[in-house]
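For reference, the chains in residue letters:
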Amino acid sequence: MSFGQGGPQWGPGGSGSQPPQWGNQTPDWAALAEASESRNRRRRWLMVGGGALATVAIGAAVAVAVVSADGNDGQVVNQPASDLPATSDIPPDTTSPGPSFAETSAPPPLDPKDFISSAKKDTAPLSPDILFPGSRLTMGESRYEKGKTASTKDCASAVQGTLGTVLTKNDCTRLMRVTYSLNGVAVTVGVALFDTEAQAAKAKNDADTKSVVQSLSGDRVPAFCRAAVCRSTTNSYGRYAYFTVAGFTNGKDVTQKDTKVFSTGDDLAEFTFRQIRRRGEAQASAAANE
């Protein structure tokens, strides 16, 4: 059977049919074996070389990861290991503590009360007109007219009742008085001086309901609280003990209902305390600026 001219003829035993021809030469088995070994060596080198490249790549990735994790400002992230600075280029550690200095503190402020608690420190000039300046005094809505002033070293001569004995026993060195008035009510303040705070405090504690400073009249204020019932107070601050006596200028007795008399006495007692305290503040300020 023919499939076209020139095609192979596979007919069994037919005309033109021939078996494959291999030639009469024997194959060179040694050359074939050497060629096969050469191909195998190339494969092994390629595999080993590829593994080395993979190892280098992994090492570089680890180096980049370490630098990225340790970087504080993010500027060296993803840089290859070959671009990192050499050890000699890295600046020295500057995180060690700086120089230390001894702690200093300002001296404590001076206590104003220290300057009015003893005669040794309380050396500023003092008189009734210095302690009670001006001719009028305004306390809240009340405006008091200042009257006469007085000062004596004979403390017992300007008081009534048991107060003379109290002042003498505690070594009073001086007694100053001043009177204020408003709308028919007058009040005299007596300020007794001692050498120490302890003496002034004891004088205050020794005083009783019959320990009264003598009212001071004059300068448009008639005599008051000499025979009538009046209201009195006693207190102390620093080396000063201070007393008030308040009543009506017409001689009327003071009762519990006469709140105007009580408020007048309280105003002058409060003002006296403030003036004594200001005296200590002024001397403390002057000493601090020396």
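Our subject is the structure listed above.
Keep in mind that this is a model prediction, so the values were computed, not measured.

Comments concerning the state of the cysteines
Next, step 1: On inspection of all chains with the given rule, the structure shows 2 disulfides.
Next, step 2: Between Cys155 and Cys172 runs a disulfide, and the two sulfur atoms are separated by 2.1 Å. The chirality of the disulfide connecting Cys155 with Cys172 is left-handed, given an S-S dihedral of about -75 degrees. With a gap of 17 residues between them, Cys155 in the loop between β2 (142-152) and β3 (159-161) and Cys172 in the loop between α3 (163-169) and β4 (174-182) connect regions that are remote in the sequence. Here the two residues Cys155 and Cys172 agree in accessibility, since each one is buried.
Next, step 3: The disulfide that involves Cys225 links it to Cys230, with 1.9 Å between the sulfurs. Because the sign of the S-S torsion sets the handedness, a value of about -100 degrees for the bond joining Cys225 and Cys230 places this disulfide among the left-handed ones.
Next, step 4: Among the residues examined, Cys230 registers a relative accessible area of 22% and is labelled partly exposed.
Next, step 5: Bonded cysteines in the protein are paired 1-2, 3-4 when counted in the order they occur along the chain.

Some points on the sheet that holds β2
Next, step 1: Spatially, 6 strands are ordered β1-β2-β4-β5-β8-β7 in an open sheet, and the strand pairing comes out antiparallel. Looking at which strands have only one partner, the edges of the open sheet turn out to be β1 (136-139) and β7 (231-237). For this sheet, the mean inter-axis angle between neighbouring strands, taken without regard to orientation, is 25 degrees.
Next, step 2: Note that β2 and β4 share 6 bridges and pair antiparallel.

Focus: the nonpolar core
Next, step 1: If you look at the biggest cluster of nonpolar residues, it comprises 25 residues, and the most contacted ones within it are Phe132, Leu137, Tyr180, Val191, Tyr240 and Leu268.
Next, step 2: Looking at this core, the elements with two or more residues in it are β1, β4, β5 (185-193), β8 (240-248) and α5 (259-288).
Next, step 3: Not counting residues within four places of it along the chain, the set of residues in contact with Val191 comprises Leu131, Phe132, Arg174, Leu175, Met176, Tyr240, Ala241, Tyr242 and Thr272.
Next, step 4: Residues Cys172, Ala186, Phe224 and Phe243 belong to the second largest nonpolar core, which totals 21 residues.

Let's talk about the pairing of β2
Next, step 1: Note: β1 against β2, 4 bridges, orientation antiparallel. Counted as the bridge partner of Arg136 is Glu145 from β2.
Next, step 2: Linkage of β1 to β2, two consecutive antiparallel strands, is achieved through a turn of 2 residues, within which Gly140 is found at a positive phi near 65 degrees.

Notes on the packing of aromatic side chains
Next, step 1: Within the structure shown, the criterion is met by 2 aromatic pairs.
Next, step 2: Both rings, one in Phe132 and one in Phe271, keep their centres 6.1 Å apart while their planes meet at 45 degrees; by these two values the pair is tilted. Residue Phe132 is found in the loop between α2 (128-131) and β1, and its partner Phe271 is found in helix α5; the two are separated by 139 residues along the sequence.
Next, step 3: Take Phe132: its relative accessible area is 1%, and that puts it in the buried class.
Next, step 4: With 4.9 Å between their ring centres and 75 degrees between their planes, Tyr237 and Phe273 make a pair best called edge-to-face. Here Tyr237, found in strand β7, pairs with Phe273, found in helix α5; they are 36 residues apart in sequence, far enough to count as distant.
Next, step 5: A relative accessible area of 18% places Tyr237 in the buried class.
Next, step 6: One Lys or Arg, Lys252, reaches over the ring of Phe248 and ends 5.0 Å from the middle of that ring.

Calculation notes
- Residues numbered from 1 in each chain as written.
- Predicted model: local features only at pLDDT ≥ 70, side-chain atom pairs only at ≥ 80, totals over all residues.
- Heavy atoms only, no water.
- Disulfide = S-S within 2.5 Å.
- Helix = DSSP H or I, 4+ residues; strand = E, 2+ residues; numbered from the N terminus.
- Buried < 20%, exposed > 50% of the residue type's maximum accessible area, 1.4 Å probe, protein only.
- Pairing = 2+ DSSP bridges.
- Axes fitted to C-alpha atoms, helices over the stretch in contact; angles between N-to-C directions.
- Core = buried A, V, L, I, M, F, W, Y, C linked by side-chain atoms within 4.5 Å.
- Contact = heavy atoms within 4.5 Å.
- Phe/Tyr/Trp six-rings, centres within 6.5 Å; stacked < 30°, edge-to-face > 60°.
- Lys NZ or Arg CZ within 6 Å of the ring centre and 35° of its normal.

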